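Reading the structure
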Amino acid sequence: MPAAVQAGEPAPSHFAGDPVSIARALLGATLVRVLDSGERLSGRIVETEAYDCPRDPACTAGRFHAARSAEMAIAPGHWLFWAAHGHPLLQVSCRPKGVSASVLIRAIEPLEGLGQMLTFRPVTRERDLSNGPAKLVYALGLNPAQIAGTRVDSPALHLRPAETPLADDAVRVTARVGIKEGRHLPWRFTLRGNPWVSPALPSMAVVGDG
DNA sequence: ACTTCGATGCTCT
DNA sequence: GAGCATCGAAGTA
């Protein structure tokens with residue numbers, strides 16, 4: 001796994017690489033959000049997916065000659081938002097400018113600021129707070145216009161590596177959720193047995209074990 | 001300006 | 001598990 005995600009300060013340059021490896025490495029890391037007020041919200045990343053144009057048939061941008069401009073224009077190690085069905089989805093760019101590839105953060109387990117998150121996103125069942133890619137964006141109070149294009153080590157939103165490396169058997173590898181093409185690719189990573197993983201089921205049998 | 005589509009979420013059964 | 005609300009981006013004109 002990329003050394004940058006194991007320890008130290010995950011700087012943008014460390015996210016230039018294979019999004020599949022980086023998606024696996026980001027599992028277990030902590031996503032830290034600092035509000036304008038100074039209040040700190042955080043959550044453990046329990047679900048990620050990789051998208052990698054042009055080899056990835058599920059990457060919408062890869063089916064066209066021109067990828068989505070915002071994604072194409074961004075350098076590695078920066079936050080970006082993919083819009084789907086009217087919802088913003090948080091991603092980390094992984095390839096040089098002009099190449100569309102990224103890691104989608106699909107679910108987090110709340111660690112700090114649970115009360116504030118519930119204010120941003122009121123839910124009846126606490127479990128539904130951040131167990132989906134758009135849900136966590138709302139729960140953290142992320143404004144795409146403010147965050148998109150900023151570095152992954154920005155004060156307002158940054159990453160903190162997992163303190164202890166994840167054992168391989170703690171990671172569940174499956175097909176990605178909600179796509180039509182590329183279902184055969186095992187590019188979704190979840191923490192096995194974690195209740196904060198999104199309820200969406202993979203459209204294909206579990207890879208590796210289940 | 002208009003049309004289509006989607007890496008979703010919510011609200012019912 | 002099925003139906004729909006929703007809106008940004010891309011394509012078409």
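None of the values given here were measured: they were computed from a predicted structure.

Rules used in this analysis
What you see as residue numbers is a count from 1 along each chain, following the sequence as written. By the order in which they are written, chains take letters starting at A while ligands take numbers starting at 1. Given that the model is predicted, a residue must reach a pLDDT of at least 70 before its local features are reported, and side-chain atom pairs must reach 80 or more before they are shown or counted; all residues, however, enter totals for whole chains, interfaces and linings. As a rule here, side-chain values cover all heavy atoms of the structure and leave hydrogens and water aside. By definition here, a salt bridge exists when the distance from a side-chain nitrogen of Lys or Arg to a carboxyl oxygen of Asp or Glu is within 4 Å. Segments assigned H or I by DSSP are reported as helices when at least four residues long, segments assigned E as strands when at least two residues long, and all are numbered from the N terminus. Throughout this description, buried means an accessible area under 20% of the type-specific maximum (1.4 Å probe, protein chains only), exposed means over 50%, and partly exposed covers the range between. Note on pairing: DSSP must find at least two bridges between two strands before they are called paired. Each residue gets a pLDDT score, which is the predictor's confidence in that residue and runs from 0 to 100. When checking whether two residues touch, look at their non-hydrogen atoms; a contact exists if any pair is within 4.5 Å. As used in this structure description, the phrase polar contact means that two N or O atoms lie within 3.5 Å; if the pair is within protein, one of them must be able to donate a hydrogen and the other to accept it, and residues adjacent in sequence are counted only when both atoms belong to side chains. One heavy atom within 4 Å of a molecule or strand makes the whole residue count as near it. Here, two cysteine sulfur atoms that lie within 2.5 Å of each other are counted as a disulfide.

Right, let's talk about the pattern of salt bridges for a bit. As enumerated under the stated definition, the model contains 12 salt bridges in all. The shortest N-O distance in the salt bridge between glutamate 112 and arginine 40 comes to 3.1 Å. Of this pair, glutamate 112 sits in strand β5 (residues 101-112) while arginine 40 is found in strand β2 (residues 40-52), placing the two residues 72 residues apart along the sequence. Linking arginine 55 and aspartate 52 is a salt bridge whose minimum nitrogen-to-oxygen distance equals 2.6 Å. A residue is classified by how much of its surface remains accessible, and aspartate 52, at 2% relative accessible area, is buried. Beyond isolated ion pairs, a larger network of salt bridges with shared partners links Asp18, Asp52, Arg55 and Arg95.

Taken across its 5 residues, strand β1 (residues 30-34) has 4 buried, putting it largely inside the fold. In textbook terms, the turn of a hairpin is the stretch between consecutive antiparallel strands, and for β1 and β2 this stretch comprises 5 residues, one of which, glycine 38, has a positive phi near 95°.

In the predicted model, chain A carries a mean pLDDT of 87, and the fraction of residues at 70 or more is 88%. Ranking the elements of chain A by mean pLDDT puts helix α1 (residues 3-6) last, at 47, and β1 first, at 97. Below a pLDDT of 50 lies the segment residues 3-7, which in the model reaches 12 contacts outside its immediate sequence neighbourhood of four places, other chains included. Per-residue pLDDT stays below 50 along residues 203-210; that stretch engages in 15 contacts with residues further than four places along the chain or on separate chains.

With that settled, consider helix α2 (residues 19-26). Of all 8 residues in α2, 7 are buried, a share of seventy percent or more. For α2, the complete set of buried residues consists of Pro19, Val20, Ile22, Ala23, Arg24, Ala25 and Leu26. Two to three positions downstream of the cap, the backbone nitrogen of valine 20 sits 3.1 Å from a side-chain oxygen, assigning the N-cap of α2 to aspartate 18. Phi for glycine 28, located one or two positions after α2, is positive at around 90°.

Moving on, we come to the protein's contact with DNA strand B. Within the structure, DNA strand B sits among 20 residues, and His85, Gln91, Arg121, Ala134 and Gly178 are positioned closest to it. Near the protein, meaning within 4 Å, the atoms of DNA strand B are sugar or phosphate in a fraction of 53%, with bases accounting for the rest. Interatomic distance of 2.8 Å between a side-chain N/O atom of glutamine 91 and a base nitrogen of DNA strand B. Within the contact set of DNA strand B, a phosphate oxygen lies 3.4 Å away from a side-chain nitrogen or oxygen of arginine 106.

Our focus in this paragraph is the state of the cysteines. Under the defined criterion, the tally for this structure stands at 1 disulfide. Residue cysteine 53 pairs covalently with cysteine 59 via a disulfide, S to S 2.0 Å. Between cysteine 53 and cysteine 59, the disulfide has an S-S torsion of -100° and is therefore left-handed. Between cysteine 94, a cysteine without a disulfide, and cysteine 59, which holds the nearest cysteine sulfur, the sulfur-to-sulfur distance is 11 Å. Classification of cysteine 94 by relative accessible area gives buried; the value is 0%.

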